[in-house]
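# Remarks on the overall topology
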Amino acid sequence: MPGLLRGVARTAVVAGTATAVSNRVSRRQQGRWAAQAQQPQGYQEPQGYYQQAPPPPPQPAPTTSTTEDMTNKIDQLKQLGELKAQGVLTEAEFEEQKRRLLA
């Protein structure tokens, strides 16, 4: 029974870490998009008779695919935590796989 509780606790920690990282990345992206929206477009001198149009603003990613992607990452992190708790993965292997998944 203590082994099961320890595994559940580790899984909760891993899932919480994944959520925190995801939220931080989302806030950073929103900050960058807001900074880009506030920057004035520089004046471009016309070349001949044609003037180059400014590029369109970046479109935010749809939230459904982002949510699904995060759910998949959380599920994968849970599986990694379970494998580590069972002794299949070492601490170093677990950290490496977690780093790859969150990159």
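All residue numbers refer to positions counted from 1 along the written sequence of the respective chain. Owing to the predicted nature of the model, reporting of local features is limited to residues with pLDDT of at least 70; listing and counting of side-chain atom pairs is limited to 80 or more, with chain, interface and lining totals taken over all residues. To obtain the side-chain values, all non-hydrogen atoms of the structure were included, while hydrogens and water were left out.

What follows concerns the packing of aromatic side chains. Only the six-membered ring of Trp is used, alongside the rings of Phe and Tyr, when aromatic pairs are assigned; centres must lie within 6.5 Å, and planes under 30 degrees apart are stacked while those over 60 apart are edge-to-face, with the rest tilted. Per the counting criterion, the structure on display carries zero aromatic pairs. We count a charge as sitting over a ring when the NZ of a lysine or the CZ of an arginine lies within 6 Å of the ring centre and within 35 degrees of the ring normal. For lysine 84, the ring lying beneath its charged end belongs to phenylalanine 94, and the centroid distance is 4.9 Å.

For helices the rule is a DSSP run of H or I covering at least 4 residues; for strands it is a run of E covering at least 2, with both sets numbered from the N terminus onward. Expected helix span is computed as 1.5 Å times (number of residues minus one). If you check helix H3 (residues 91–102), its first and last C-alpha atoms are 16 Å apart, about what twelve residues at 1.5 Å a residue would give, namely 16 Å. Per-residue accessibility, obtained with a 1.4 Å probe over protein chains only, is compared with the maximum for each type, and a residue is labelled buried under 20%, exposed over 50%, and partly exposed between these values. Regarding H3, the residues found buried are Phe94, Lys98 and Leu101. For H3, the angular spread of buried residues about the axis comes to 65°, placing them on one side. Opposite the packed face of H3, turned more than 90 degrees from it, sit the exposed residues Ala92 and Arg100. Here the arc refers to the set of directions running from the helix axis out to each C-beta atom.

So, on to the confidence of the model for the protein chain. Caution applies to low-pLDDT regions: their predicted coordinates should not be interpreted in detail. Per-residue confidence from the predictor is reported as pLDDT, which spans 0 to 100. Looking at the protein chain as a whole, the pLDDT averages 77, with 77% of positions reaching at least 70. Averaged pLDDT values for the elements of the protein chain fall to 80 in helix H1 (residues 2–38) and rise to 87 in H3.

What follows concerns the nonpolar core. In a soluble, globular protein the nonpolar side chains are often hidden away together inside. Remark: nonpolar core denotes a set of buried residues (Ala, Val, Leu, Ile, Met, Phe, Trp, Tyr, Cys) joined through side-chain atoms within 4.5 Å. The biggest cluster of nonpolar side chains holds nine residues, and these are Val14, Ala15, Ala18, Ile74, Leu77, Leu80, Leu89, Phe94 and Leu101. Those elements giving two or more residues to this core turn out to be H1, helix H2 (63–86) and H3. Every residue pair with non-hydrogen atoms within 4.5 Å of one another is taken to be in contact. Aside from chain neighbours lying at most four places away, what touches phenylalanine 94 is Val14, Leu80, Gly81, Lys84 and Leu89.

In this structure, leucine 89 sits in the loop between H2 and H3. What leucine 89 contacts, discounting residues up to four positions off in sequence, is Leu80, Leu83, Lys84 and Phe94.

This part is about the side chain of lysine 98. Within the secondary structure, lysine 98 sits in helix H3. A residue is classified by how much of its surface remains accessible, and lysine 98, at 18% relative accessible area, is buried. Residue contacts for lysine 98: discarding those within four places in its chain leaves Leu77 and Leu80.

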